[in-house]
Amino acid sequence: QATEVPLMRPLIAILALAVIMIVSLRAFSRHPSLTGTITKSRPAFRASVLRRGLSAGARTKDTRVSIHPYFNVKEGKMDDFKATFGDFYTCVDKETNCFYYGFSVNEEEGVIYNRECYDSAEGLKKHIDNTAAVAGPVGDLCHDVKLEIHGPAEELKKLEDLAKDINAKMFVLDENGFTNNNMKPGKDTAVSIHPYFKVPADKWDQFVGAFEKYYEAVKNEPNNHHYAFSTNKEEGIVFNREQYDSAEGLLAHIENTAPVNEVTAGLFDSVDLEIHGPASELEKLKDFAAESGSKLFVLDENARCYK
């Protein structure tokens with residue numbers, strides 16, 4: 001009997017792990033995704049939940065400012081626009097206030113986006129001045145440009161005149177948002193999901209009240225770079241500035257937050273979803289994108305992370 005105990009321990013551990021995984025998968029299948037369409041789990045979810053990822057030990061409050069430009073490119077001008085990417089990177093390489101900077105492209109929709117973030121309102125202003133000469137000619141390649149600025153209320157206050165001049169919508173960053181400060185300088189290969197929730201006025205406070213539950217769920221995710229809600233109450237839109245180290249990291253996040261999604265189900269009229277990341281990572285997300293109606297933006301291979 002003394003020799004049976006060591007043999008039984010691994011068996012008990014395996015059975016316990018199996019039970020935990022079955023319970024977790026059943027729980028996920030009962031909870032809707034952001035759009036309420038994802039009802040089944042995948043092996044990628046399970047693998048990513050168990051894998052060891054980034055350290056969240058350096059978590060701090062996120063007070064950064066991001067500008068979100070969506071360029072609607074004229075037909076036949078996509079290659080001309082792409083040819084300017086290098087000029088923008090050359091300019092931004094000289095800046096000291098930028099955290100990350102990279103173009104992403106949705107060929108099907110004819111849209112180019114720029115994923116970029118700065119340490120402050122002043123940092124964003126310096127960037128706009130620095131790239132003005134390069135940005136000017138790009139206007140002739142586009143039908144129009146949709147602009148948003150996301151940041152803390154005190155930073156947005158400093159950008160009010162700029163926002164009016166460039167017709168940018170302002171999104172106030174929630175004060176409980178955080179960054180894990182775990183992006184490494186060099187090539188940017190991160191995956192970001194961009195959810196735009198349309199929230200009715202009578203459900204606004206309830207939705208905002210659920211932010212805390214999401215933060216609590218996400219703060220221990222090992223693959224998260226940053227996570228912060230931002231809001232434009234005037235238009236009834238809630239956005240989430242969130243980013244992950246990989247496709248697996250994003251899928252793990254979706255599973256992890258499924259129970260919280262049950263809390264917010266019915267509190268918004270619609271949600272528009274985009275996923276931005278390297279082509280190799282987006283390939284792993286095609287099934288999820290198809291089921292959730294997410295638009296895919298391929299991140300340029302020269303996208304940078306500065307700090």
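Criteria and thresholds
- Per chain, residue numbering runs from 1 following the sequence as it is written.
- Two thresholds apply to this predicted model, a pLDDT of at least 70 for residue-level local features and 80 or more for giving and counting side-chain atom pairs, whereas whole-chain, interface and lining totals are computed over all residues.
- Processing note: side-chain calculations cover all non-hydrogen atoms of the structure and skip hydrogens and water entirely.
- Here a cavity denotes grid points, spaced 1 Å and computed from the protein atoms alone, that fit a 1.4 Å probe unable to get out, and a pocket denotes an open set having protein on both sides within 12 Å along at least 5 of 7 lines; residues with an atom within 4 Å of a point are the lining.
- Grid points are joined across faces, edges and corners, and a volume is the space filled by probe spheres set on the points.
- Numbering of helices and strands starts at the N terminus; helices are DSSP runs of H or I of at least 4 residues and strands are runs of E of at least 2.
- In the scheme used here, Gly and all other residues not listed as nonpolar or charged are polar, with Ala, Val, Leu, Ile, Met, Phe, Trp, Tyr, Cys and Pro taken as nonpolar and Asp, Glu, Lys and Arg as charged.
- Here an axis means a line fitted to C-alpha atoms, over the contact stretch when the element is a helix, while the angle between two N-to-C directions is reported on a 0 to 180 degree scale.
- Each angle receives one of four descriptions, namely roughly parallel if under 35 degrees, roughly antiparallel if over 145, roughly perpendicular if within 65 to 115, and oblique otherwise.
- Only heavy atoms matter for contacts: two residues are in contact if any of them lie within 4.5 Å across the pair.
- Between rings of Phe, Tyr and Trp, where Trp is taken as its six-membered ring, a pair exists when centres lie within 6.5 Å; planes separated by under 30 degrees are stacked, by over 60 edge-to-face, and by other angles tilted.
- Three exposure classes are used, based on accessible area relative to the maximum for each residue type with a 1.4 Å probe and protein chains only: buried under 20%, partly exposed in between, and exposed over 50%.
- Put simply, a nonpolar core is a bunch of buried Ala, Val, Leu, Ile, Met, Phe, Trp, Tyr and Cys residues held in one set by side-chain atoms that sit within 4.5 Å of each other.
- Take a side-chain nitrogen of Lys or Arg and a carboxyl oxygen of Asp or Glu: if they are within 4 Å of each other, that pair is a salt bridge.
- A pair of strands is considered paired only if DSSP assigns at least 2 bridges between the two.

A. Just empty space enclosed by the protein, in detail. Under the criterion given, the structure shown has two cavities of 30 Å³ or more. Of the voids in this model, the second largest cavity is the one considered here, and its volume is about 80 Å³. As for the second largest cavity, its lining consists of 14 residues, and the residues nearest its centre are His68, Tyr100, Arg115, His194 and Arg241. Looking at the lining of the second largest cavity, the elements with two or more residues in it are strand 2 (65-73), strand 4 (111-118), strand 9 (191-198) and strand 11 (237-244). When residues in the lining of the second largest cavity are grouped by element, the largest group, four residues, is from strand 11. Each residue belonging to the lining of the second largest cavity can be placed in one class, and the counts come to four nonpolar, six polar and four charged.

B. Examining the packing of helix 4 (residues 85-92) against helix 5 (residues 121-138) more closely. Packing of helix 4 against helix 5 leaves a shortest axis separation of 9 Å and a crossing angle of 170 degrees. Comparing their axes, helix 5 and helix 4 come out roughly antiparallel. Across from Asp87, Phe88, Cys91 and Val92 in helix 4, the residues of helix 5 making contact are His127, Asn130, Thr131, Val134, Ala135 and Val138. Across the contact of helix 4 with helix 5, the residue classes break down as six nonpolar, three polar and one charged.

C. Structural view of the packing of aromatic side chains. For the structure shown, the criterion picks out 21 aromatic pairs. Centroid distance Phe81 to Phe103: 6.4 Å. Interplanar angle 75 degrees. Geometry classified as edge-to-face. Here Phe81 is found in helix 3 (residues 78-82), whereas its partner Phe103 is found in strand 3 (residues 98-106), with 22 residues between them in sequence. For the pair shown, Phe81 and Phe103 are each scored as buried.

D. Region of interest: the nonpolar core. Formed by 32 residues in total, the largest nonpolar core has its most connected members in Phe81, Tyr101, Phe103, Ile112 and Ile149. Sequence-distant contacts of Phe81, that is, excluding residues within four places in its chain, are made with Phe71, Val73, Phe103, Ile112, Val138, Leu141 and Cys142. Counting residues in each nonpolar core, the second largest holds 28 residues, with Phe178, Tyr244, Ile275 and Phe288 among its members.

E. The arrangement of the pattern of salt bridges in detail. The full count for this structure, using the stated rule, is 15 salt bridges. Notably, a salt bridge pairs Lys286 with Glu283, separated by 3.1 Å at the nearest N-O pair. One connected set of salt bridges, linked through shared partners, spans Asp62, Arg64 and Arg241.

F. Representation of helix 10 (residues 247-256) in the model. Counted residue by residue, helix 10 has eight buried out of 10 residues, so it is predominantly covered. For helix 10, the set of buried residues is Ala247, Gly249, Leu250, Leu251, Ala252, His253, Ile254 and Glu255.

G. Geometry of the pairing of strand 4. Of all eight residues in strand 4, eight are buried, a share of seventy percent or more. Taken together, the six bridges between strand 2 and strand 4 define a ladder with antiparallel strand orientation. Paired with Ile67 across the strands is Glu116, a residue of strand 4. What sits between the antiparallel neighbours strand 3 and strand 4 is a turn of four residues, in which Gly110 has the positive phi angle 70 degrees.

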